[in-house]
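What follows is the residue order along each chain.
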Amino acid sequence: MSVNLDTCVVSPGDDDHLEDAWELKERIRREEGVLKQRRGFFTDAYRRSTVYCYLADDAIVGFATVRRDGYVLFLAVDPDYRGDGIGKRLIARVVEDNQSVSCHARTTNGGALEFYESVGFEIERRIDNYYEDGGDAYYLTLGEGGGIRDRLSDLLGR
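Below or above, wherever it landed, is the structure these notes cover.

Reading guide: rules and limits
Residues numbered from 1 in each chain as written. Predicted model: local features only at pLDDT ≥ 70, side-chain atom pairs only at ≥ 80, totals over all residues. Heavy atoms only, no water. Helix = DSSP H or I, 4+ residues; strand = E, 2+ residues; numbered from the N terminus. Buried < 20%, exposed > 50% of the residue type's maximum accessible area, 1.4 Å probe, protein only. Areas by Shrake-Rupley, 256 points an atom, 1.4 Å probe, with all protein chains shown as cover. Pairing = 2+ DSSP bridges.

1. Looking at the overall build of the protein chain
Looking only at helices and strands, one finds five helices and seven strands in the protein chain. N-terminal to C-terminal, the α/β element order of the protein chain is β-α-α-β-β-β-α-β-α-β-β-α. With 158 residues in all, the protein chain has 44% of them scored as buried. Accessible area for the protein chain stands at about 8300 Å²; split by element, carbon and sulfur atoms hold 40% of it.

In structure tokens form, the structure reads like this:
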């Protein structure tokens, strides 16, 4: 889908786009069975983090919620916009502000794992019963230093 996208960065403590992000996350949860979090946890994490957003016609189509240490709490892209490079651009933006980037992904979330590995994340370890519902996770890291920036620049054609 080729459309003009706007970007914004929501600073910690700000609720801009919180409701839209929650609705996108919940739609993905209902349709794909991933991104399962309680509302309170999501809201608290959103408010404590920097949130990188992509918007189409003022509607959120992708976001990354990131702690100050580069840990990606949430990464979500509207299914209608997948394949347009939004996820890669979100990770590239996170890399611009952090020396290292890491996250967790469900061991059963093949789409997320495929995406993360395609942009250079590596599985560091498996954590059994990581999620509240007993699901297992992989802890993934992107690494440190300019190598990440170079790799993502190549991926994005910069």
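2. Focus: the pairing of strand S2 (residues 50-56)
Judged by how many residues are buried, S2 sits mostly within the fold: six of seven residues are covered. As paired strands, strand S1 (residues 6-10) and S2 are joined by five bridges and run antiparallel to one another. What sits directly across from Thr7, in S2, is Tyr54. Pairing analysis gives seven bridges linking S2 to strand S3 (residues 59-66), with the strands arranged antiparallel. Along S3, the bridge assignment pairs Leu55 with Ile60. Where S2 folds back onto S3 in an antiparallel hairpin, the turn is made up of two residues, including Asp57, whose phi is positive at roughly 50°.

3. Quick notes on unusual backbone geometry
For His17, which is not glycine, the phi torsion reads 70° and is therefore positive. As for its placement among the helices and strands, His17 is situated in the loop between S1 and helix H1 (18-32). With a phi angle near 65°, Asp58 is a residue other than glycine that sits in the positive phi range. Asp58 gets classed as exposed once you look at its relative accessible area, which sits at 62%.

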